[in-house]
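# Observations on the model geometry
Spelled out from the first residue to the last, the chains are:
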Amino acid sequence: MVVAVLVAMGVHGLVTEKGFGWPVVGQYFASTQVLNGLLVTIELTVIAMAIGVVGGIILAVMRMSPNPLVGGVSWLYIWFFRGTPLLVQLLFWFNLAALFPRLGLGVPFGPQFVSGSANSFITAFVAAILGLGLNEAAYMAEIVRAGFLSVDEGQTEAAHALGMSRMQTMRRVVLPQAMRVIIPPTGNETISMLKNTSLVSVLAVSDLLYAVQLIYSRNYQTVPLLIVASLWYLIMTTVLTIGQYYVERHYSRGSARRLPPTFLGRLRENLVTIRRPLPAVPRGEWR
Amino acid sequence: MSAKAGPMVLAENVHKRYGNLEVLRGISLEVAAGEVMCVIGPSGSGKSTFLRCVNHLEPINAGRLHVDGTLVGYHERGGRLHELPEKEVNRRRAEIGMVFQRFNLFQHRTALENVMEGPVIVRRQPRAEAAERARQLLDRVGLADKADAYPSQLSGGQQQRVAIARALAMRPKLMLFDEPTSALDPELVGEVLDVMRGLAAEGMTMIVVTHEIGFAREVADSLVFMDQGVIVESGPPREVIASPQHERTRAFLSSVL
């Protein structure tokens, strides 16, 4: 009851308080500038997560290698990228030109095939991608490794006994079963990434946050525009949460005795249970 | 199945160590084609380890292990053993079926997919062909109606029968059973032993590590008793069980019978 009153007060305040400027929120919510920023945010999230996942798998496999040098390189990478703040890493990539004015591709200490000024190669967008992606790889590596370790050794043995190679065993037997453990924290990472992309506004990359900052620096409607950004972040994380639910459901095949209901199905069920608290019979038997 | 004369399995003075712990201390035995050998012994006697050496899940430290006339996992050059490349090890392993104590079915695949996996991935058989044969094998172990069930939806006995079908799908010339009924509820043991009895009757060469003395007496052609990494006693099962020659065999048998 107390909670209900507090919530009612909160909603009332949100709607009536002039400072929130809801008309301004409505005006800018779907403006071109905001939508372009949104697109950049999504782009950054997708590319950086892709780098993070691929890098994470490579680092995890390296980390579990019997070769101590290979394992050590992976350990060192994770130690460095997890141990320094993401914001510092982003600034570092952005200012790489100060350290190495020219970048090139070629034989070490020998001739170079391609080279150019670092500033033309590392644009703000590239710096953002590198910073976010390489940092993410360190976190993903530990998640992937936990997934590999969660698969029973008997599975690997059974695959080897059938004559499957190490790569076939990894691809057909270990990775699909590790996914069940890897997916939920990866969903969390994706949601964190979506929000962490807002850090790139310090590099003047025109993401969602930077787009609204540009607008309110001109019209001084700071709070309404921050609400616009927050609403979009909320919408995107909600979409991701629902997506994660379905991916998890897909990979729970075989481990759960029956598939959990779909998201809508569960919603429907909950609405029914509110009205009729005690379900009379358990749902259909598995076969 | 094999045109070569000579035993299907020939072990000569096989040694296996984990660090300082000697698990196998000179195992020598022969299994003829079509023979069923049961291996019994207390836990820690090395019987499971020996079985895992036969298909090179464990490398051996000394001695020779031949299956169907070829060394397992190694080739010999100048009197020394050299480990074969992974590809060759896998090729030889594919001809040896193995059934585990804890079934080890692929949890994310249905019974049918479990049986198809080896032929499709290792032998590159067309899916339709592999599926048809997988259905025949499931029918043979009495699980035709469970083809689309996941392992978690099957009882232990059913899982173990699927595991046997999965091993048979590779058309092995030798089947290894590592305590196949030890993880089962007592009332489910019979259905698995029935399938194994059927296999033995069809002439499959089998090495069975087991605690089922009744099965050994009835089905096996030879019985081996192992303790502390050596073979203490071996011979026709009825003789070994009825009149063991060694004190250790006698003590073990009286504790399990």
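Heads up: these notes are all about the structure in this document. (Residues numbered from 1 in each chain as written. Chains lettered and ligands numbered in written order. Predicted model: local features only at pLDDT ≥ 70, side-chain atom pairs only at ≥ 80, totals over all residues. Heavy atoms only, no water.)

### Overview of the pairing of strand E3 (residues 36-40) of chain B
Residues and elements named next belong to chain B.
- Summarising burial for E3: 5 of the 5 residues are buried, a large majority.
- Side chains Val-36, Cys-38 and Ile-40 of E3 all project onto a buried face; the interleaved residues Met-37 and Val-39 project onto the opposite face, where all are buried too.
- Where E3 lies against strand E10 (residues 206-209), 4 bridges are found, and the strand directions are parallel. Its bridge partner lying in E10, Met-37 is registered against Ile-207. (Buried < 20%, exposed > 50% of the residue type's maximum accessible area, 1.4 Å probe, protein only. Helix = DSSP H or I, 4+ residues; strand = E, 2+ residues; numbered from the N terminus. Pairing = 2+ DSSP bridges.)

### Quick look at the pattern of salt bridges
- Summed over all chains, the structure comprises 20 salt bridges over all chains.
- The partner of Arg64(B) in a salt bridge is Glu76(B), with the nearest N and O atoms 2.9 Å apart. Here Glu76(B) lies in strand E6 (residues 74-77) and Arg64(B) lies in strand E4 (residues 62-67), a separation of 12 residues in the sequence.
- For Arg64(B), a relative accessible area of 19% gives the class buried.
- Asp68(B) is the partner of Lys173(B) in a salt bridge, and the nearest nitrogen-oxygen pair spans 3.0 Å. In this pair, Lys173(B) is assigned in the loop between helix H5 (156-168) and strand E9 (174-178) and Asp68(B) in the loop between E4 and strand E5 (70-71), connecting sequence segments 105 residues apart. The same class applies to Lys173(B) and to Asp68(B), which are both buried.
- The network of salt bridges with shared partners includes Glu157(A), Lys16(B), Arg52(B) and Glu58(B). (Salt bridge = Lys/Arg side-chain N within 4 Å of Asp/Glu carboxyl O.)

### Some words on empty space enclosed by the protein
- Counted by the stated rule, this structure contains 1 cavity of 30 Å³ or more.
- The wall of the largest cavity is formed by Ala158(A), Ala161(A), Leu162(A), Arg93(B), Ala94(B), Ile96(B), Gly97(B), Met98(B), Phe100(B), Arg166(B), Ala167(B) and Met170(B).
- Secondary-structure elements contributing two or more residues to the lining of the largest cavity are helix H9 (153-161) of chain A together with strand E8 (96-99) and H5 of chain B.
- The greatest single-element share of the lining of the largest cavity, amounting to 3 residues, is contributed by E8(B).
- For the lining of the largest cavity, a count of residues per class yields 9 nonpolar, 1 polar and 2 charged. (1 Å grid on protein atoms, 1.4 Å probe; cavity = no way out; pocket = protein on both sides within 12 Å on 5 of 7 lines; lining within 4 Å. Points joined across faces, edges and corners; volume = space filled by probe spheres on them. Nonpolar A, V, L, I, M, F, W, Y, C, P; charged D, E, K, R; others polar.)

### A look at helix H11 (residues 208-219) of chain A
Residue and element names in this part refer to chain A.
- Here H11 contains 12 residues, and its C-alpha end-to-end distance of 17 Å stays within 8% of the 16 Å for a straight helix at 1.5 Å per residue.
- Within the sequence span of H11, burial applies to Leu-208, Leu-209, Ala-211, Val-212, Ile-215 and Tyr-216. Take H11 and look down its axis: the buried residues cluster within an arc of 160°, on one side only.
- At its buried positions, H11 is contacted by helix H2 (22-29), helix H3 (32-63) and helix H12 (222-251). (Expected span 1.5 Å × (residues − 1). Arc of directions from axis to C-beta. Contact = heavy atoms within 4.5 Å.)

### Brief notes about helix H4 (residues 68-83) of chain A
All names here are of chain A.
- Taking 1.5 Å per residue, 16 residues should reach 22 Å; H4 reaches 22 Å between its end C-alpha atoms and fits that length.
- By the burial criterion, the buried members of H4 are Gly-71, Ser-74, Ile-78 and Phe-81. One side of H4 carries all its buried residues, which in axial view fall inside an arc of 110°. Facing away from the buried side of H4, by more than 90 degrees, are the exposed residues Pro-68, Leu-69, Trp-79 and Gly-83.
- Elements in contact with the buried residues of H4: H3, helix H5 (86-94) and helix H8 (124-150).
- Of the residues flanking the start of H4, the one acting as N-cap is Asn-67, its side-chain oxygen 2.9 Å from the backbone nitrogen of Leu-69. (Polar contact = N/O pair within 3.5 Å; in protein donor to acceptor, adjacent residues only side chain to side chain.)

Purely geometric stuff here, so don't read any function into it on its own.
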